[in-house]
Structure formats: structure tokens, C-alpha cells
Amino acid sequence: MKNIKFLFAFFLTTTLFMVGCQEDDPSVGDLIAPSNLQVDIEIIGMDVDNPNGDGSGLVIFTYSADNALGYNITFGDGMNQIANSGQVTHRYTSA
């Protein structure tokens, strides 16, 4: 009787070990790189008399791309922003 319990425990442990060690096959799907990036930049208050804007430092960035999930915008002044929408306003300051 003791041997039967031992064999049962051995087979149960071996079976659990074999089931637990199955190779996983995760799939993410096709990764599609964004394309057709378009960026429009509008300097607030820019006109013939004020080619650098009205002095507020505000700039509106409008962007779009095919197959893009989000955007990481680097403004060039040490600041960056992660956004999902297609428009960001940034204020540049003189230091």
C-alpha cells in the first residue's frame, strides 16, 4: 500500500512537471512602422512685421502619421512630451 501511494505521488508530480514546462508560444502580431509623418509648425503672432512671432514664445505643432500609436515630441530646448493626439502647444523661453 505504501508503494502504491509512492508511485501515485511520483506519477502525479511527474505529470504536473511535464504540464508546467510546456513551451509558451506568445505572439504579438505584425509590427508596422509608422509612415507618412507630417508636421506643421505655427508660430503664434508671426507676420511680416514680426517674423519671430508676437513675443509670447508659443508654437503650435500639428502632426500626423499612418499607423502611429503615439508621438514623442522633442522640442529642442531640453523639453519633450509624449502625446497621443495630433496637436501640442509649447512655449519657448529665452534664458
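A quick note: this is a predicted structure, and the numbers were derived from the prediction, not measured.

A.B. asks: What should I look at first to understand the overall build of the chain in this one?
C.D. replies: Check the secondary structure of the chain and you find one helix and five strands. Reading the chain from its N terminus to its C terminus gives the helix and strand order α-β-β-β-β-β. A burial count over the chain gives 12% of its 95 residues as buried. Sequence separation of 24 or more characterises 42% of the internal contacts of the chain that already satisfy a separation of 6 or more. Accessible area of the chain: about 8300 Å², with a carbon and sulfur share of 58%.

A.B. asks: How do you make sense of the environment of D40 when you look at a structure like this?
C.D. replies: Position of D40 among the secondary structure elements: in strand β1 (residues 35-43). On a C-alpha basis, the gap between D40 and Q87 in space is 9.4 Å, while along the polypeptide they are 47 residues apart. Leave out the neighbours within four places in its chain, and D40 touches I60, F61 and T62.

A.B. asks: I would appreciate a short explanation of the sheet that holds strand β2 (residues 58-66) in the present structure.
C.D. replies: Read across the open sheet, the three strands follow the order β1-β2-β5; overall the sheet is antiparallel. Whereas interior strands pair on both sides, the edge strands pair on one side only; in this sheet they are β1 and β5 (87-91). Strand-to-strand twist across the sheet, computed as the mean angle between neighbouring axes with direction ignored, equals 20°. Alignment of β2 against β5, held across five bridges, turns out to be antiparallel. Directly across from T62, in β5, lies its bridge partner Q87.

A.B. asks: What am I meant to see in the pairing of strand β4 (residues 80-83) here?
C.D. replies: For a regular strand, side chains alternate in direction, first toward one face of the sheet and then toward the other. Looking at chain direction, strand β3 (residues 71-74) and β4 are connected through four bridges and run antiparallel. Across the sheet, residue T74 finds its bridge partner in β4, namely N80. Linking β3 to β4, which pair antiparallel, is a turn of five residues; within it G76 sits at a positive phi near 90°.

A.B. asks: What exactly am I supposed to notice about the side chain of H90 here?
C.D. replies: In this fold, H90 is placed in strand β5. With a relative accessible area of 10%, H90 lands in the buried category. A distance of 2.8 Å separates polar atoms of two side chains, one belonging to H90 and the other to D77. Every residue in contact with H90, bar those within four places of it in the chain, is listed here: G57, L58, V59, F61, F75, D77 and M79.

Basis of the calculations
Residues numbered from 1 in each chain as written. Predicted model: local features only at pLDDT ≥ 70, side-chain atom pairs only at ≥ 80, totals over all residues. Heavy atoms only, no water. Helix = DSSP H or I, 4+ residues; strand = E, 2+ residues; numbered from the N terminus. Buried < 20%, exposed > 50% of the residue type's maximum accessible area, 1.4 Å probe, protein only. Contact = heavy atoms within 4.5 Å. Areas by Shrake-Rupley, 256 points an atom, 1.4 Å probe, with all protein chains shown as cover. Pairing = 2+ DSSP bridges. Axes fitted to C-alpha atoms, helices over the stretch in contact; angles between N-to-C directions. Polar contact = N/O pair within 3.5 Å; in protein donor to acceptor, adjacent residues only side chain to side chain.

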